[in-house]
Amino acid sequence: MARLIHLNGPPGIGKSTLSALYTGRHPGALNLDVDTIHRLVGGWRDDQTDTWPAVWSLVRGMAAVHLAGGHDVVLPQYLATSDEIDGFERIAREHGAGFHEIVLVDEQETTIERFHRRARDSDDAWIRHHHRLVARAGGSTVLGIMYDDLMEVVRLRPGAVLVPSVVDEVQATYASLVEALGSTGFDG
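Criteria and cut-off values
Residues numbered from 1 in each chain as written. Predicted model: local features only at pLDDT ≥ 70, side-chain atom pairs only at ≥ 80, totals over all residues. Heavy atoms only, no water. Helix = DSSP H or I, 4+ residues; strand = E, 2+ residues; numbered from the N terminus. Expected span 1.5 Å × (residues − 1). Buried < 20%, exposed > 50% of the residue type's maximum accessible area, 1.4 Å probe, protein only. Arc of directions from axis to C-beta. Contact = heavy atoms within 4.5 Å. Polar contact = N/O pair within 3.5 Å; in protein donor to acceptor, adjacent residues only side chain to side chain. Axes fitted to C-alpha atoms, helices over the stretch in contact; angles between N-to-C directions. Parallel < 35°, antiparallel > 145°, perpendicular 65-115°, else oblique. Left-handed = near helix turned anticlockwise from the far one by under 90°. Nonpolar A, V, L, I, M, F, W, Y, C, P; charged D, E, K, R; others polar.

A.B. asks: So, helix α6 (residues 125-137): which residues are in play, and what are the values?
C.D. replies: The end-to-end C-alpha distance of α6 is 18 Å, a good match for the 18 Å that 13 residues give at a rise of 1.5 Å each. The set of residues buried in α6 consists of W126, I127, H129 and V134. The buried residues of α6 occupy an angular sector of 165 degrees when the element is viewed end-on, so they sit on one face. The secondary structure elements touched by the buried residues of α6 are α2 (34-38), α3 (52-68), α5 (108-121) and α7 (140-156). Measuring from the side-chain oxygen of the N-cap residue of α6 to the backbone nitrogen of W126 gives 2.9 Å; that N-cap residue is D124. Positioned one or two residues after α6, G138 has a phi angle of 140 degrees, which is positive.

A.B. asks: With reference to specific residues and values, describe the packing of α5 against α7.
C.D. replies: When two helices pack together, you describe them by how their axes are tilted relative to each other and by the distance separating the axes. Taken N-terminus to C-terminus, the directions of α5 and α7 make an angle of 125 degrees; their axes are 10 Å apart at the nearest point. In terms of axis orientation, α5 runs oblique to α7. Once α5 is placed against α7, the crossing between them reads as right-handed. Packed against α5, whose contacting residues are Q108, T111, I112, F115 and H116, the element α7 presents S140, L143, G144, Y147 and D148 at the interface. Per-class residue counts for the contact of α5 with α7 are four nonpolar, five polar and one charged.

Treat this as a map of the structure, not an account of what it does.
Here it is, written out as structure tokens:
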């Protein structure tokens, strides 16, 4: 049975890194990294252009097609409302796939510092763009609100499995992810 694995967590916690690592070790699995899809839509650098509707349409469509083909999908994306998560769970169910909700976590202060460090250490255009948008919206304050919103949605979703994301310990965090998937009935 195909699976949709939602890797949730605050920005900069390691979702994309772990998703790439997972799909690299599971042939046929799709790394449905929304940030990567976003860069494919013209105008994403323009603050006046709202590219999100096109991006979400593509992401939902890609997930549906890949699951319908019997393949796993890993979605590394911060989502902090039950409605957003329910939508992806519905896509999984509609295509006969399992849904696994994993939330990568660290302490709030550490999470905020990780986000800022990632932007300081990266020359990636998307990461720098995202950091600029967050800074303009309130920086660390908005990241704290995002963290709190995520913890609230976790409280409301008893099926979510928390996985500690350890700074600079990608392999250990990956091992914890694989273990958590096993505890949710994941067999591969």
